[in-house]
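The residues making up each chain are set out below.
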Amino acid sequence: MGRIRKAVLPVAGMGTRVLPATKAIPKEMLPVFDRPAIQYVVDEAREAGIEHFVFVTGRNKGAIEDYFDRSYELETTLAEKGKTAILEELEPSRPEPGTMSFVRQQAPLGLGHAIWCARDIIGDEPFAILLPDVLVDAKPSCLAQMVAVHEETGANVIAVNPVPKDEVNKYGVIDPAERIGSRIRMKGMVEKPPVESAPSNLSITGRYILNRSIFDYLEDQAAGAGGEIQLTDAMARLMEKEAFDAVEFEGTPYDCGSKLGYLEASIGFALANREHGNDARALVKSMLG
Ligand code: G1P
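Criteria and thresholds
- Residues numbered from 1 in each chain as written.
- Predicted model: local features only at pLDDT ≥ 70, side-chain atom pairs only at ≥ 80, totals over all residues.
- Heavy atoms only, no water.
- Helix = DSSP H or I, 4+ residues; strand = E, 2+ residues; numbered from the N terminus.
- Buried < 20%, exposed > 50% of the residue type's maximum accessible area, 1.4 Å probe, protein only.
- Contact = heavy atoms within 4.5 Å.
- Near = heavy atom within 4 Å.
- Polar contact = N/O pair within 3.5 Å; in protein donor to acceptor, adjacent residues only side chain to side chain.
- Areas by Shrake-Rupley, 256 points an atom, 1.4 Å probe, with all protein chains shown as cover.
- Nonpolar A, V, L, I, M, F, W, Y, C, P; charged D, E, K, R; others polar.
- Salt bridge = Lys/Arg side-chain N within 4 Å of Asp/Glu carboxyl O.
- Patch = residues over 30% accessible without salt bridge, like charges linked within 9 Å, V, L, I, M, F, W, Y side chains within 5 Å.
- 1 Å grid on protein atoms, 1.4 Å probe; cavity = no way out; pocket = protein on both sides within 12 Å on 5 of 7 lines; lining within 4 Å.
- Points joined across faces, edges and corners; volume = space filled by probe spheres on them.

The next point concerns the side chain of Ser213. Topologically, Ser213 is positioned in the loop between β11 (202-210) and α8 (214-219). Since its relative accessible area comes to 15%, Ser213 is described here as buried. Sequence-distant contacts of Ser213, defined by excluding residues within four places in its chain, comprise Leu238 and Glu242.

Following this line, the structure appears as structure tokens:
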């Protein structure tokens, strides 16, 4: 069984749900408390042992590439002024050379198509996918919890979390068969089901560990919900052939797919911050009167 070394981060989306904030910058670069949203996702993956990041990008996403590059003027100036504490804060945004790849999805054909664009760089090994719309505050990180399950079972793994029943039509939703501890064996999964016919309220969180065989299914996956090629549809087919578990992870997911989602994530991470948490709590309290 292969170790999970590589992760795909699809970042080609236009961020229409958070306009105008995203008119000129990628939504992944919007700050959540004190850092761009994408930094949380990269940190989560690093904690799970990910060594190589494959970003599936689109037009106008260059800021992400620049963020994970050296910034010589800035770093030299900070070093000259002896601002070592700030320099240290930049460390997570300065990856080892050669550990990030960028590939373009030329047309917005759906999440399944975006993942398929990474097939050559992933090669022949199981890999992770993290959707940067969802940030998870968890210790160990959400992906690390999933890697632990994968190491135990060798199965494909997705993270799931409960959502209010009337919101299931915004997510991929699983059809649970049997629960073994935090693991759930599934009968099926469906992308954005109508509220009335959803098989459960367990939504797919946007974290996946998949065998490379998923690419065989993505290769000819027909368009599904929303007229897009859906990863969920390809996974539902893969599930008929290979072991597949859902994991109800420990932690708090924040769905940054909306304006209020960003606000909630910002407040949540500020409150949880070791240095600023107490002040943030006092600030929120005083704002609420
Ligand atoms: C995607 C996935 C969906 C998942 C969701 C999590 O949907 O297709 O299965 O539940 O992310 O946020 P999207 O939000 O891109 O429409």
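Turning our eyes to something else, we now look at the site of the ligand. Taken together, Leu111, Leu131, Val134, Tyr171, Gly172, Glu191, Lys192, Ile204, Thr205, Tyr208, Gln230 and Thr232 are the residues near the ligand. Within the contact set of the ligand, an oxygen atom lies 3.0 Å away from a backbone nitrogen or oxygen of Gly172. A distance of 2.8 Å separates an oxygen atom of the ligand from a polar atom in the side chain of Glu191. Notes on the ligand: free accessible area 380 Å², of which the protein chains cover 85%. It is β11 that provides the largest number of residues to the shell around the ligand, a total of three residues. Partitioning the shell around the ligand into residue classes produces six nonpolar, four polar and two charged.

Under the definition given, this model contains 22 salt bridges. A salt bridge links Glu75 to Arg94; its shortest N-O distance comes to 2.6 Å. Here Glu75 is found in helix α3 (residues 72-80), whereas its partner Arg94 is found in the loop between α4 (84-90) and β5 (100-104), with 19 residues between them in sequence. Residue Glu75 is classed as buried on the basis of its relative accessible area of 10%. For Glu191, the salt bridge goes to Lys192, with nearest N and O atoms at 2.8 Å. According to the relative accessible area criterion, Lys192 is partly exposed, its value standing at 38%. Here the residues in one salt-bridge network are Arg3, Arg5, Lys6, Glu51 and Glu125, joined through shared partners.

Before going further, it helps to spend a moment on helix α9 (residues 231-238). Quick reminder: α-helices carry 3.6 residues per turn. Residues three or four places apart thus point the same way. In terms of burial, α9 is largely enclosed, as six of its eight residues are buried. Those residues of α9 that fall on the buried side of the exposure criterion are Leu231, Thr232, Ala234, Met235, Ala236 and Leu238.

This brings us to the side chain of Glu28. Structurally, Glu28 can be placed in the loop between β1 (6-10) and β2 (31-32). The exposure class assigned to Glu28 is buried, which follows from its relative accessible area of 3%. Within polar-contact distance, the side chain of Glu28 engages the side chain of Lys61 at 2.9 Å. Excluding residues that lie within four positions of it along the chain, Glu28 makes contacts with Val11, Pro36, Ala37, Ile38, Lys61, Ile64 and Pro132.

What follows is about a nonpolar patch on the surface. A contiguous nonpolar surface patch, about 290 Å² in accessible area, is contributed by Leu260, Leu263 and Ile267. Here Ile267 is to be found in helix α10 (residues 259-272). Judged by relative accessible area, which is 34%, Ile267 ranks as partly exposed.

Taken as a whole, the second largest pocket spans an internal volume of roughly 650 Å³. Lining the second largest pocket we find 22 residues, and of these Arg35, Tyr40, Asp137, Phe269 and Asn273 sit closest to its centre. Looking at the lining of the second largest pocket, the elements with two or more residues in it are α1 (37-47), β7 (134-137) and α10. The leading source of residues in the lining of the second largest pocket is α1, at five residues. Residues of the lining of the second largest pocket, tallied by class, amount to eight nonpolar, three polar and eleven charged.

Quick look at the environment of Gly226 now. Assignment of secondary structure puts Gly226 in the loop between α8 and α9. Owing to a relative accessible area of 79%, Gly226 belongs among the exposed residues under this scheme. Taking the C-alpha atoms as reference, Gly226 lies 8.8 Å from Gly110; in sequence the two are 116 residues apart.

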